[in-house]
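Below, each chain spelled out in residue letters.
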Amino acid sequence: MRRACPARSRRGFTLTEMMAVLTVVGLLLLVGVPNLREMILRHQLRVTANAMLAAINLTRAQAVARGQRVIMTPADPRQAEWASGWLVFVDRNASLSFDAGDELIFERGPVERGMRVSSVFASPLAPFYIAYNSAGRSCGAGNSMAARPGGVSLVLGRSTRHIKINMLGRARICDPQTQAHDCEGAAND
């Protein structure tokens, strides 16, 4: 005996199947979005720390190439906030600030909103600066022969990066979460 109507193939989803898929997708988003946000913050921190390290290395290289002291300072007028960006320049009049007659080598704008940047050097008071002499050594503004080790810490979200400058002027980045034994910095972790 033949059927009157041939069986039709199903097309589409039932309401129950659609609700199950939406529930699973919603749960995945609920779990994944906070991790995605933290991943983005870690990436922004890593990019900014690498940009600052590159500027420090540029300062050092330019001091050696020019045979004179080159300085990196915060870009804000008081030279107290690294988060406002930074300037690399030849300080021809030894004023520790970029003004007429100085040669600007590099300028970086403000860091990402919410990022904290702090530094620790011999002097805890502004103006903050990083200086290199013609031998490529970190030095003080008043004496090109006096070593000036220290560091800068960048904090965004739950992540921190320290840039450490040793007695010879070599700078490196470290992550206190993965290198806890040798990664102290200016930030209070």
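The structure we're discussing is the one just above.
Keep in mind that what you see is a predicted model, and the values were worked out from it rather than measured. Throughout, a residue's number is its position along its own chain's written sequence, starting from 1. With the structure being a predicted model, the display of local features is reserved for residues of pLDDT at least 70 and the display and counting of side-chain atom pairs for 80 or more, all residues being used for whole-chain, interface and lining totals. Only hydrogens and water are set aside when side-chain values are computed; all heavy atoms of the structure are taken into account.

Draft legend 1. A look at the nonpolar core. Among buried residues, those of type Ala, Val, Leu, Ile, Met, Phe, Trp, Tyr and Cys that are joined through side-chain atoms within 4.5 Å constitute a nonpolar core. Buried means the residue's accessible area, taken with a 1.4 Å probe over protein chains only, is under 20% of the maximum for its type, while exposed means over 50%, and partly exposed covers the values in between. Residues M52, I56, M72, W82, V117, I130 and L154 are the most contacted members of the largest nonpolar core, which totals 28 residues. Elements supplying a minimum of two residues to this core: α1 (15-66), β1 (70-74), β2 (86-90), β5 (130-132), β7 (150-156) and β8 (159-165). When residues of this core are assigned to their parent elements, the largest contribution, eight residues, is made by α1. By definition in these notes, contact holds between two residues if any of their heavy atoms fall within 4.5 Å. Contacts of M52, omitting those with residues within four sequence positions, involve M72, W82, W86, V117, V152, L154 and I163. Counting eight residues, the second largest nonpolar core, distinct from the first, contains I71, L87, F89 and Y129. Secondary structure follows DSSP: runs of H or I at least 4 residues long count as helices, runs of E at least 2 residues long count as strands, and numbering of each begins at the N terminus.

Draft legend 2. Representation of the side chain of R148 within the structure. As for its position among the elements, R148 is in the loop between β6 (138-139) and β7. When charges are tallied, Lys and Arg are placed among the positive residues and Asp and Glu among the negative ones, while His and the ends of the chain are skipped. Within this document, salt bridges are pairs made up of a side-chain nitrogen of Lys or Arg and a carboxyl oxygen of Asp or Glu, the two lying within 4 Å of each other. One buried charged side chain, R148, makes no salt bridge at all; its nearest oppositely charged neighbour is D91, positioned 12 Å away. The residues contacting R148, other than those within four sequence positions of it, are F121, Y129, I130, S138, C139 and G140.

Draft legend 3. Spotlight on the sheet that holds β8. Strand order across the open sheet formed by four strands is β4-β7-β8-β9, with antiparallel pairing between neighbours. Each edge of the sheet is formed by a strand with only one pairing partner; in this case those strands are β4 (116-120) and β9 (171-174). Taken over all neighbouring pairs, the strand axes of this sheet differ in orientation by 15 degrees on average, direction set aside. Taken together, the seven bridges between β7 and β8 define a ladder with antiparallel strand orientation. What sits directly across from L154, in β8, is R161. Pairing between strands requires that DSSP locate at least two bridges from one strand to the other. All axes are obtained by fitting lines to C-alpha atoms, using only the stretch in contact for helices, and the reported angles, taken between N-to-C directions, cover 0 to 180 degrees.

Draft legend 4. Geometry of the sheet that holds β6. Spatial strand order, β3-β2-β1-β5-β6: five strands in an open sheet with antiparallel pairing. A strand with exactly one partner marks an edge of an open sheet, and here the two such strands are β3 (103-108) and β6. Sheet topology places β2 next to β3; five bridges connect them, and they run antiparallel. Bridging from a neighbouring strand, W86 pairs with R108 of β3.

Draft legend 5. The arrangement of the environment of D76 in detail. Among the secondary structure elements, D76 is positioned in the loop between β1 and β2. Each C-alpha atom, one on D76 and one on P110, is 9.4 Å from the other, the two residues being 34 residues apart in sequence. Setting aside residues no more than four positions away along its own chain, D76 makes contact with E81 and S84.

Draft legend 6. Representation of the packing of aromatic side chains within the structure. When the centres of two rings from Phe, Tyr and Trp lie within 6.5 Å, Trp using its six-membered ring, the rings pair. Their planes under 30 degrees apart give stacked, over 60 give edge-to-face, and anything left gives tilted. Enumeration according to the criterion identifies one aromatic pair in this entry. Each ring is checked for a lysine NZ or an arginine CZ that lies within 6 Å of its centre and within 35 degrees of its normal; such an atom marks a charge sitting over the ring. Just above the ring of Y129 sits the side chain of R148; from NZ or CZ to the centre is 3.8 Å.

Draft legend 7. Representation of the side chain of T48 within the structure. Within the secondary structure layout, T48 lies in helix α1. Given a relative accessible area of 0%, T48 falls into the buried group. Within the structure, the side chain of T48 is placed 3.0 Å from the backbone oxygen of Q44, a separation counted as a polar contact. In this structure, T48 is in contact with W86, R108, V111, E112, M115 and L154, ignoring residues within four places of it in sequence. Side-chain atoms alone can form a polar contact between residues adjacent in sequence; in general such a contact is a pair of N or O atoms within 3.5 Å, and within protein one must be able to donate a hydrogen while the other accepts it.

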